[in-house]
Amino acid sequence: MSHVEDELTSQPECWTRVAADAAGHGGALPAPRERVAIVGCGTSYFMAQAAAALREGAGQGETDAFAASEFPHGRSYDRVLALTRSGTTTEVLDLLGRLKGRTRTTAVTADPGTPVMSAADDVVVLDYADERSVVQTRFATTALTLLRAHLGLHSDAVVADARTALSQPLPEGLVDCAQFTFLGRGWTVGLANEAGLKMREASLSWTEAYPATEYRHGPISITTQGTATWMLGRAPEGLADQVRATGGLWVDGGLDPLAELVRAQRLAVAVAAARGLDPDQPRHLTRSVILTP
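The present account deals with the structure reproduced in this document. (Residues numbered from 1 in each chain as written. Predicted model: local features only at pLDDT ≥ 70, side-chain atom pairs only at ≥ 80, totals over all residues. Heavy atoms only, no water.)

**A word on the pattern of salt bridges**
Part 1 of the argument: In this structure the tally under the stated criterion is 13 salt bridges.
Part 2 of the argument: One salt bridge connects Asp64 with Arg75, and the closest N-O pair in it is separated by 3.5 Å. Highlighted residues: Asp64 in strand S2 (residues 63-67) and Arg75 in the loop between S2 and strand S3 (79-84), separated in sequence by 11 residues.
Part 3 of the argument: We note a salt bridge from Lys198 to Glu201, for which the minimum N-O separation is 3.3 Å. A residue pair is termed a helical-turn pair when its members lie 3 or 4 positions apart in one helix, as Lys198 and Glu201 do in helix H8 (residues 188-203) at three residues. (Salt bridge = Lys/Arg side-chain N within 4 Å of Asp/Glu carboxyl O. Helix = DSSP H or I, 4+ residues; strand = E, 2+ residues; numbered from the N terminus.)

**Quick look at the sheet that holds strand S6 (residues 179-184)**
Part 1 of the argument: Sheet architecture is open: four strands sit in the order S7-S6-S8-S9, paired in parallel fashion. Of all strands in the sheet, those with a lone pairing partner are strand S7 (206-211) and strand S9 (249-252), marking the two edges. On average, adjacent strands in this sheet sit at an angle of 20° to one another, irrespective of strand direction.
Part 2 of the argument: Note: S6 against S7, six bridges, orientation parallel. If you follow Phe182 over to S7, its bridge partner there is Ala209.
Part 3 of the argument: Seen against the sheet, H8 touches S6 and S7 and runs at an angle of roughly 160° to S6.
Part 4 of the argument: Sitting on the sheet, helix H10 (residues 257-274) is in contact with S6, strand S8 (227-231) and S9, with an inclination near 155° to S8. (Pairing = 2+ DSSP bridges. Axes fitted to C-alpha atoms, helices over the stretch in contact; angles between N-to-C directions. Contact = heavy atoms within 4.5 Å.)

Here it is as structure tokens:
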């Protein structure tokens, strides 16, 4: 079993633990009515997109998401929340350094022995969700579960759906598809982006991701026999029939969207295996991007 496969199967336990601990981290996490920016790089940026949409949708306050390198320094925020598994990513550390003494910052990380511990004002360490694989799975979803629980949006049903996602077979014919499109709505747009990234990283697949209703505005033209379109969350009316009419495979996300992401992680590993690839050693990637000055 690869590291990434072993790590993704542990997600239900990680989610249960972080949800139980969420109240104890409340002082480090955004408070109601704070204006918040959530930042990250790669997978963490896509989790930031999902968390920002969840928080603002829950009426907790205006919440934006940015890649750490694209943070708009002309805007004012009450708190900036950085998601960083490694705690060493250059863009995140640079941003926290620029904000020091001006804006309250919180970092959610997996490694307590890294520079982010002193770079941020508050830190939440999820060391039990750290990973050996370059490809992120459980840290990202555990960090998002922490924020969902903080907002009162997590339940035992989410964990149950994750266990279902790990135990049920993938749809027939899915692994053999040549192209994959992931769709989301609201907070699940970030999850769709992340599902596409997992497929590219682990299996070198041709993948795309879009807001579901935007899919009709051009991208559906690539859908045909041998392609798959996967919806994370509830699909817009009529979209499934439109995809099936193209000859493409439609995958209906009936589980909690975060559990659907677990299924997509499994697909990435399965496609990698079918292509003779090692998902723990993605091409041109390292665990953390550390830039030389």
